[in-house]
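Report on the structure
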Amino acid sequence: MNICHRYINLPFIIEPLSYFNEVGNQIRHDYIYDVSLYSEFQSWLETFGLDLFMAEVFYTPPGGKIPIHTDHSTFSNHVKINVTWGPEEGVTQWWKSDIIRKESTYNNGGKLIGETNNIQHNWANEEDSQLLYEANTNRPSLVNVGILHGTNNPTSEGRWTLSFIPQKNNEYISWDNAIELFKDYLEN
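Residues numbered from 1 in each chain as written. Predicted model: local features only at pLDDT ≥ 70, side-chain atom pairs only at ≥ 80, totals over all residues. Heavy atoms only, no water.

For the rest of this paragraph, the subject is the nonpolar core. Ranked by size, the top nonpolar core spans 31 residues in total, and within it Phe41, Trp44, Leu142, Leu162 and Phe182 carry the most contacts. When contributions to this core are tallied by element, the ones reaching two or more residues are helix H1 (39-46), strand S3 (51-60), strand S5 (79-85), strand S12 (159-168) and helix H2 (175-181). In this view, Trp44 contacts Ile8, Leu10, Pro11, Phe12, Ile81, Phe182 and Tyr185; residues no more than four positions away in its chain are not counted. One finds Cys4, Trp94, Ala135 and Val145 within the second-largest nonpolar core, a separate group that totals six residues. (Core = buried A, V, L, I, M, F, W, Y, C linked by side-chain atoms within 4.5 Å. Buried < 20%, exposed > 50% of the residue type's maximum accessible area, 1.4 Å probe, protein only. Helix = DSSP H or I, 4+ residues; strand = E, 2+ residues; numbered from the N terminus. Contact = heavy atoms within 4.5 Å.)

Given below as structure tokens:
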């Protein structure tokens, strides 16, 4: 079984944000600290003893990629729940690499849009990496963001993702714990 991605059948609908029909030519990353818009999500997580820490928006432009990275400075196997609106050909990809660098910028030197701190992440170049798994996340998805991952959008359409971060006692949820907690909602 993969430790990268599983579809999750949420008992509610997550709607795209109003600007998700815009098409730009740059990667975008924004934080959503006020999760009150997602009270149904929060209530559902509470049934597992979890909280909704925050959400994020990611945009992969036409013909673009979000470079290979981990979400924090360590490898951790922690999860997020993502929903994407975009072309079927657009995917999230998970990678393995022996050549890792720590930076707070994308590998093209551009700042993360919306990045308000100087957190360093693990980064890898595609030519130094091996593709482990890929999936279209246009359906709600449990994703492992503590291992190397990125996005690929080979189309002429934009690809928008809402990413939700569940926590318990201010700690991220590991892949194994999430698989156990959400087992009744996961597809095989």
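In the predicted model, the chain carries a mean pLDDT of 90, and the fraction of residues at 70 or more is 91%. Segment residues 106-116 is flagged for pLDDT under 50; beyond a separation of four residues in sequence, or across chains, it makes 29 contacts in the model. (pLDDT = per-residue confidence, 0-100.)

Inspection of every chain in the model, using the stated rule, returns six salt bridges. Linking Arg28 and Asp30 is a salt bridge whose minimum nitrogen-to-oxygen distance equals 2.6 Å. Overall, Arg28 belongs to the partly exposed group, its relative accessible area being 28%. Between Lys183 and Glu180 there is a salt bridge, and its shortest N-O distance comes to 2.8 Å. The exposure class of Glu180 is partly exposed, given its relative accessible area of 47%. (Salt bridge = Lys/Arg side-chain N within 4 Å of Asp/Glu carboxyl O.)

With that settled, consider the packing of aromatic side chains. If you walk through the whole model with that rule in mind, you get 17 aromatic pairs. An aromatic cluster of three or more residues is present, and its members are Phe12, Tyr38, Phe41, Trp44, Phe48, Phe164, Phe182 and Tyr185. Against the face of Tyr7 rests Arg139, its NZ or CZ located 4.0 Å from the ring centre. (Phe/Tyr/Trp six-rings, centres within 6.5 Å; stacked < 30°, edge-to-face > 60°. Lys NZ or Arg CZ within 6 Å of the ring centre and 35° of its normal.)

Before going further, it helps to spend a moment on the side chain of Gln42. Mapped onto the secondary structure, Gln42 falls in helix H1. The class for Gln42 is buried, based on a relative accessible area of 16%. Among the polar contacts made by the side chain of Gln42, one reaches the side chain of Asp51 at a distance of 3.4 Å. Among residues more than four places away in sequence, those in contact with Gln42 are Leu50, Asp51 and Leu52. (Polar contact = N/O pair within 3.5 Å; in protein donor to acceptor, adjacent residues only side chain to side chain.)

Let us now look at the environment of Phe58. Within the secondary structure, Phe58 sits in strand S3. Spatially, the C-alpha atom of Phe58 lies 19 Å from that of Arg6, the residues being 52 residues apart in sequence.

Further remarks concern the sheet that holds strand S8 (residues 121-124). The strands that make up a sheet are held in pairs by hydrogen bonds between backbone atoms, and each pair lies either parallel or antiparallel. Read across the open sheet, the six strands follow the order S7-S8-S4-S11-S6-S9; overall the sheet is antiparallel. At either margin of the open sheet sits one strand with a lone partner, and together these are strand S7 (101-103) and strand S9 (129-135). In this sheet, adjacent strand axes meet at a mean angle of 40 degrees when their direction is disregarded. As defined by bridge partners, strand S6 (residues 91-97) adjoins strand S11 (residues 149-153) across four bridges and the pair is classed as antiparallel. Counterpart to Val91 in the pairing with S11 is Asn152. (Pairing = 2+ DSSP bridges. Axes fitted to C-alpha atoms, helices over the stretch in contact; angles between N-to-C directions.)

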